[in-house]
Amino acid sequence: MAGLVITHSPTPIIALDLPTLADAKALVARIGPRADFYKVGLQLFTREGPAAVEWLRGESKRVFLDLKLHDIPNTVRRAAESAAALGAELLTIHAIGGEAMMRAAVDGAGPTGVIAVTVLTSFDDAAYAAAIGVPGTTVVDTVLRLADRARACGARGIVCAGTEAGAVRRAHGDALGTLVPGLRPPGAPVNDQARVATPREVRDAGATWVIVGRAVTAASDPAQAYEEICVALG
Ligand code: C5P
């Protein structure tokens, strides 16, 4: 991409979007020592709670706690403190929660990096404009505006699609990381995502982290699928 200086390959994070901790343990065992960074999201955390994070930490795995917090500032500050106490390395909040909420999250999270979700990758332009009721609103403009605010509030990075990651990186360089979900190897099913990107596209956009979900968790051989994605990410 013109004008973009890429200093690193994206770090892959495997999404443990599974019903139980037993399922998560089985998947981690199948993938093996090659993978060291896992995401605990709403499905697993709602069922298993902190035990999922504690087990991963006990296995010396790095944890991204994807709770997408969005509440009044004090509530989010307290939740961020709890996430930090669990040893999560990264925690998500919604940037649309506003600046006071984002600053409270950063304050509560301490050493845990706060990542602000901009526009969910399940939205395209038309669905997003309809959802917020403002015709003509584009996803990329909203992502760039929320990225500015997130950086000003001390967030370590933002969540956006591979389709916007290059623009965010050009605007912010290394001062703001980009975490990209919606990864799909060429030809893989899109499922419920609207803005997807291949591993090469994510790498070329200069993303910092990439969420590897169904491309690995639904594969017949998750270890091999993960290995192929790592190779493509460079
Ligand atoms: O299976 P798939 O690769 O689509 O998984 C995407 C993962 O990324 C899910 O765990 C989802 O919660 C997460 N995510 C997302 N869009 C965001 C933030 C996180 O899809 N904006």
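Residues numbered from 1 in each chain as written. Predicted model: local features only at pLDDT ≥ 70, side-chain atom pairs only at ≥ 80, totals over all residues. Heavy atoms only, no water.

**A word on unusual backbone geometry**
Next, step 1: Even without glycine at this site, Ser 60 takes up a positive phi of about 60°.
Next, step 2: Of the residues examined, Ser 60 reaches a relative accessible area of 60% and is grouped as exposed.
Next, step 3: Unlike most non-glycine residues, Lys 68 shows phi in positive territory, near 45°.
Next, step 4: Note that Lys 68 resides in strand β3 (residues 62-69).
Next, step 5: On the basis of relative accessible area, Lys 68 is assigned to the partly exposed category, the value being 26%. (Buried < 20%, exposed > 50% of the residue type's maximum accessible area, 1.4 Å probe, protein only. Helix = DSSP H or I, 4+ residues; strand = E, 2+ residues; numbered from the N terminus.)

**What to know about the site of the ligand**
Next, step 1: Neighbouring the ligand are 15 residues; Asp 17, Lys 39, Arg 184, Gln 193 and Arg 214 lie closest to it.
Next, step 2: Side-chain polar atom of Arg 184 to an oxygen atom of the ligand: 2.8 Å apart, as the coordinates give it.
Next, step 3: A total of 470 Å² of accessible area belongs to the ligand in isolation, and the protein chains cover 89% of it. (Near = heavy atom within 4 Å. Polar contact = N/O pair within 3.5 Å; in protein donor to acceptor, adjacent residues only side chain to side chain. Areas by Shrake-Rupley, 256 points an atom, 1.4 Å probe, with all protein chains shown as cover.)

**Some details on the sheet that holds strand β4 (residues 90-94)**
Next, step 1: If you walk around this closed barrel you meet the eight strands as β1-β2-β3-β4-β5-β6-β7-β8, and the pairing is parallel. Neighbour-to-neighbour, the strand axes of the sheet open up by a mean angle of 25°, direction not taken into account.
Next, step 2: Taken together, the five bridges between β4 and strand β5 (residues 113-117) define a ladder with parallel strand orientation. The residue bridging His 94 from the neighbouring strand is Val 117, located in β5.
Next, step 3: Strands β1 (11-15) and β8 (209-212) of the sheet are contacted by helix α11 (residues 222-233), whose axis makes an angle of about 155° with β1. (Pairing = 2+ DSSP bridges. Axes fitted to C-alpha atoms, helices over the stretch in contact; angles between N-to-C directions. Contact = heavy atoms within 4.5 Å.)

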